[in-house]
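Structural description and commentary
What follows is the residue order along each chain.
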Amino acid sequence: MMVKTRTGGIVSFLLALAVAQAQGQAPAPDTTDPKDALQELLSKALTVTVSARILPPDEAPDADAQEEKPVWNAESTKLTIPGRSIRVRLDGDNVRINLICTPYLQDDGEVLLLAQGQVWFTEPQDNQNRYVSTFYSIPVSYGEKVLFFPLGVSNPDENQKEHFNIELEIKIVPYEKKQPQQ
């Protein structure tokens, strides 16, 4: 039942988006029906899934150590159309992360993902606010997972023993392919 409500909300959002885009333009003969306009928009829609993990500092000196278990993780799935950005915001005690992703369809059918990370954080020892911004253009295929580290990857040296890694995994798939077939 929750899935139907979520799908209904997505369909309502897409219908409102289609109507907003159609305003100010002369309606084409095949898109005068709202159902046709919705189908056209749904055929272009993309599902963007962002999985965020905070990994502990690497304390194991050997490569055979067990895989790191996240200290914290969260997942967000958002619906968009090519060229329209999605935003994910994560807040912690002394850190705020904004991720802005914009997928663009290329002529060859691949996706160009523009990913911008904005991080504000305070280090406990100096009590000063710091800001780091990163921006990447990443060509990806549908379903391919992209790992994005908005603060980079900390090195396990003496100066960064207490630093955690923030890892964002981004995956883009066409909306229709994600839906169960009837």
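Residues numbered from 1 in each chain as written. Predicted model: local features only at pLDDT ≥ 70, side-chain atom pairs only at ≥ 80, totals over all residues. Heavy atoms only, no water.

1. A few points about the confidence of the model for the chain
The predicted model of the chain has a mean per-residue pLDDT of 75, with 66% of residues at 70 or higher. Summarising per-element confidence for the chain, the mean pLDDT is lowest in helix α1 (residues 2-22) (51) and highest in strand β4 (residues 95-105) (91). Scored below 50 in pLDDT, residues 1-7 shows three contacts in the model against residues more than four places distant or in partner chains. In the model, residues 59-65 has pLDDT below 50 throughout and makes one contact with residues more than four positions away in sequence or in other chains. (pLDDT = per-residue confidence, 0-100. Helix = DSSP H or I, 4+ residues; strand = E, 2+ residues; numbered from the N terminus. Contact = heavy atoms within 4.5 Å.)

2. Focus: the packing of aromatic side chains
According to the stated counting rule, one finds two aromatic pairs in the structure shown. Ring centres 5.0 Å apart and planes at 45° place the aromatic pair Trp120 and Tyr131 in the tilted group. With Trp120 in strand β5 (residues 111-122) and Tyr131 in strand β6 (residues 129-140), this pair connects stretches of sequence that are eleven residues apart. A ring pair is formed by Tyr136 and Phe148, whose centres lie 5.7 Å apart and whose planes are at 85°; its orientation type is edge-to-face. Highlighted residues: Tyr136 in strand β6 and Phe148 in strand β7 (residues 145-148), separated in sequence by twelve residues. Residue Tyr136 is classed as partly exposed on the basis of its relative accessible area, which comes to 43%. (Phe/Tyr/Trp six-rings, centres within 6.5 Å; stacked < 30°, edge-to-face > 60°. Buried < 20%, exposed > 50% of the residue type's maximum accessible area, 1.4 Å probe, protein only.)

3. Regarding the sheet that holds strand β1 (residues 46-55)
Spatially, the four strands line up as an open sheet ordered β2-β1-β8-β7, and their pairing is antiparallel. The sheet is open, and its two borders are formed by β2 (72-80) and β7, each paired with just one other strand. When strand polarity is set aside, the average angle formed by the axes of neighbouring strands in this sheet is 20°. Two elements, β7 and strand β8 (residues 165-174), share four bridges in a ladder whose sense is antiparallel. Across the sheet, the residue bridging to Leu147 is Glu169, located in β8. (Pairing = 2+ DSSP bridges. Axes fitted to C-alpha atoms, helices over the stretch in contact; angles between N-to-C directions.)

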